[in-house]
Amino acid sequence: MANIKSAKKRIEVANRNAEKNKAIKSKVKTSIKKVEAAVAENDKAKAAEELVAATKNIEMAETKGVYHKNNAARKVSRLAKAVNSIQ
């Protein structure tokens, strides 16, 4: 453990931010799994509904700095492509 007050604070802040980022990433992964499950069931209406929610979560994570903008765009694009492939 650090002895200097500012170093102790940085450790606490880093841990707090890591927890926040972990929660946000978990939420994104869960929403992606919901879209993929709906696509696997060929339920276009549910998949489209879940896609809106997943897109919102991914873009929120991007604005918080958890994901890079290109990474977020790639995730949204792949999900949209999967939903649009349902007949």
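No experiment lies behind these values; they were computed from the predicted model shown.

A. Up close: the environment of Ala47. Take Ala47: it is sitting in helix α2 (residues 44-63). Using a relative accessible area of 0% as the deciding quantity, one classes Ala47 as buried. Expressed as a C-alpha distance, the spacing of Ala47 and Ile86, which sit 39 residues apart in the sequence, is 9.1 Å. The residues contacting Ala47, other than those within four sequence positions of it, are Val35, Ala38, Val39, Val83 and Ile86.

B. Fine view of the packing of helix α1 (residues 5-40) against helix α3 (residues 69-84). At a closest axis distance of 10 Å, the pairing of α1 and α3 adopts a crossing angle of 20 degrees. The angle between α1 and α3 falls in the class roughly parallel. Handedness of the crossing formed by α1 with α3: left-handed. Residues Ile32, Val35, Glu36 and Val39 of α1 form the contact with α3, whose own contacting residues are Lys75, Leu79, Ala82 and Val83. Classifying every residue of the contact of α1 with α3 gives six nonpolar, no polar and two charged.

Calculation rules
- Residues numbered from 1 in each chain as written.
- Predicted model: local features only at pLDDT ≥ 70, side-chain atom pairs only at ≥ 80, totals over all residues.
- Heavy atoms only, no water.
- Helix = DSSP H or I, 4+ residues; strand = E, 2+ residues; numbered from the N terminus.
- Buried < 20%, exposed > 50% of the residue type's maximum accessible area, 1.4 Å probe, protein only.
- Contact = heavy atoms within 4.5 Å.
- Axes fitted to C-alpha atoms, helices over the stretch in contact; angles between N-to-C directions.
- Parallel < 35°, antiparallel > 145°, perpendicular 65-115°, else oblique.
- Left-handed = near helix turned anticlockwise from the far one by under 90°.
- Nonpolar A, V, L, I, M, F, W, Y, C, P; charged D, E, K, R; others polar.

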